[in-house]
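What follows is the residue order along each chain.
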Amino acid sequence: MIDSHTHLDLCEPPDAELVAAAAAVGVERMLTVGIDGSSCRAALAAAEAFPQVYAAIGRHPNSASGFDDADLAELVALAAHERCVAIGETGLDFYREGATPSDQQRAFAAQIALARETGKPLVIHTRAAASETLAQLAGEADGLSVVIHCFSMPERLAECLERGYAISFAGNVTYKNAGDLAAAAERVPAEQLLVETDAPYLTPQVVRKERNQPAFVAHTAEFLAELRGVSVEELGASVERNAARIFGWG
């Protein structure tokens, strides 16, 4: 099993405990994701310390205020690290007040270009901005490997699948009020499916009272396997193959 999207630096136990707990339930690889300069550096440090951990380097749309050439230069330098296997998370988020749409779109465009320059996949965050996010991807990211993290736009699933995007489901797909997400998860072809925690957020339903961590990806995987009518082993092997192909981590 893999966790295709987590934030180790935001989780409460030390990284060593998180990685050990994940390994104990069969999570062999995980991608820890940066959202700003400090968290990107923390992600790379974790990837250096633990062979199971790889890093994604990016600027979250909620951290995109005033994004400029210096911010891009920092990302370029960090993305050159050998343990960086993806660019992001990046995208658009119009749900919260914060960075202006123009700042977000500028940061997003810069990271799309960086993904193209480095040949690394692009990890997408989108909230309350599905049309705008997909439009910018259509205009600027043709030919890139794209992962829609924490998939939240089931009404646009067909479009995402047609474009070849990988679709990653987090613990919220297990929630009782998320029937639309569950229905979407049934429809994703096996070769485009990923599973994640987005820890410390979106704890799966069966352990929802606890703070999320990479080990809990097993619960989401079990839910998806039952939903799709396959064994957990089959689903795990499938998402492992997909992650290895997308992130190049073997």
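Our structure's up above, just so we're on the same page.
Note that the structure is a prediction, hence the values are computed from the model and not measured. (Residues numbered from 1 in each chain as written. Predicted model: local features only at pLDDT ≥ 70, side-chain atom pairs only at ≥ 80, totals over all residues. Heavy atoms only, no water.)

A. Just the overall build of the protein, in detail. Of regular secondary structure, the protein possesses nine helices and eight strands. Taken against the 2.2 N^0.38 rule, which gives 18 Å for 250 residues, the C-alpha radius of gyration of the protein at 17 Å falls within 12% of a compact globule. Taking the principal axes of the C-alpha coordinates as reference, the protein spans close to 45 × 40 × 35 Å. For the protein, buried positions account for 55% of its 250 residues. A total of about 10,300 Å² of accessible surface is found on the protein, and carbon and sulfur atoms cover 50% of it. (Helix = DSSP H or I, 4+ residues; strand = E, 2+ residues; numbered from the N terminus. Rg over C-alpha atoms; globule rule 2.2 N^0.38 Å. Buried < 20%, exposed > 50% of the residue type's maximum accessible area, 1.4 Å probe, protein only. Areas by Shrake-Rupley, 256 points an atom, 1.4 Å probe, with all protein chains shown as cover.)

B. A look at helix 1 (residues 15-24). Listing the buried residues of helix 1 in full gives Leu18, Val19 and Ala22. Burial along helix 1 is one-sided: seen end-on, the buried residues are contained in an arc of 95 degrees. For helix 1, exposure combined with an orientation more than 90 degrees from the buried face picks out Glu17 and Ala24. Directly beyond the C-terminal end of helix 1, a positive phi value near 95 degrees is found at glycine 26. (Arc of directions from axis to C-beta.)

C. Representation of the pairing of strand 3 (residues 53-57) in the model. Across the five residues of strand 3, five count as buried, placing the element largely inside the fold. Residues of strand 3 alternate between two faces, with Val53, Ala55 and Ile57 on one and Tyr54 and Ala56 on the opposite face, all of them buried. Taken together, the four bridges between strand 2 (residues 29-33) and strand 3 define a ladder with parallel strand orientation. Following the sheet pairing, valine 33 is matched in strand 3 by alanine 56. Between strand 2 and its parallel partner strand 3, the chain crosses via helix 2 (residues 37-49), and the hand of that crossover is right-handed. Pairing of strand 3 with strand 4 (residues 84-93) involves three bridges; the strand directions are parallel. Directly across from alanine 55, in strand 4, lies its bridge partner cysteine 84. (Pairing = 2+ DSSP bridges. Right-handed = clockwise from strand over helix to strand, strands pointing away.)

D. Structural detail: the packing of helix 7 (residues 179-187) against helix 8 (residues 217-228). Where helix 7 meets helix 8, the closest approach of the two axes is 9 Å, and the angle between their N-to-C directions is 70 degrees. Between helix 7 and helix 8, the angle is such that the two are roughly perpendicular. The crossing of helix 7 and helix 8 is right-handed. Only Phe223, Leu224, Leu227 and Arg228 of helix 8 make contact with helix 7, whose side of the interface consists of Ala182, Ala185 and Glu186. Here the contact of helix 7 with helix 8 is built from residues that sort into five nonpolar, no polar and two charged. (Axes fitted to C-alpha atoms, helices over the stretch in contact; angles between N-to-C directions. Parallel < 35°, antiparallel > 145°, perpendicular 65-115°, else oblique. Left-handed = near helix turned anticlockwise from the far one by under 90°. Contact = heavy atoms within 4.5 Å. Nonpolar A, V, L, I, M, F, W, Y, C, P; charged D, E, K, R; others polar.)

E. Spatial organisation of the environment of phenylalanine 67. Within the secondary structure, phenylalanine 67 is located in the loop between strand 3 and helix 3 (69-79). Judged by its relative accessible area of 4%, phenylalanine 67 falls in the buried class. Contacts of phenylalanine 67, omitting those with residues within four sequence positions, involve Arg59, Leu72, Leu75, Asp103, Arg106, Ala107 and Ala110.

F. Structural context of the sheet that holds strand 8 (residues 193-195). One open sheet holds the eight strands; their spatial order is 1-2-3-4-5-6-7-8, and the pairing between them is parallel. Both edges of this open sheet fall to strand 1 (2-6) and strand 8, since each of them pairs with a single strand only. Neighbouring strand axes in the sheet, compared pairwise and without regard to direction, differ in orientation by 25 degrees on average. Together, strand 2, strand 3 and strand 4 form the strand contacts of helix 2, whose direction differs from that of strand 3 by roughly 160 degrees.

G. View of the nonpolar core. Grouped together as the largest cluster of nonpolar side chains are 84 residues, with contacts concentrated most on Leu31, Leu137, Ile148, Phe151, Ile167, Phe169 and Phe247. At six residues, the largest contribution of residues to this core is made by helix 4 (residues 101-118). Ignoring sequence-local partners within four residues, the contact set of phenylalanine 169 consists of Phe151, Leu181, Ala184, Ala185, Val188, Leu193, Leu194, Val195, Glu196, Thr220 and Leu224. (Core = buried A, V, L, I, M, F, W, Y, C linked by side-chain atoms within 4.5 Å.)

H. Molecular detail of the pattern of salt bridges. The tally for this structure, following the rule as stated, stands at eight salt bridges. Of the charged contacts, one joins aspartate 71 and arginine 59 as a salt bridge, the two residues approaching to 3.3 Å between their closest N and O atoms. Of this pair, aspartate 71 sits in helix 3 while arginine 59 sits in the loop between strand 3 and helix 3, and the two are twelve residues apart along the sequence. Across the pair, arginine 59 and aspartate 71 agree in class, each one buried. (Salt bridge = Lys/Arg side-chain N within 4 Å of Asp/Glu carboxyl O.)

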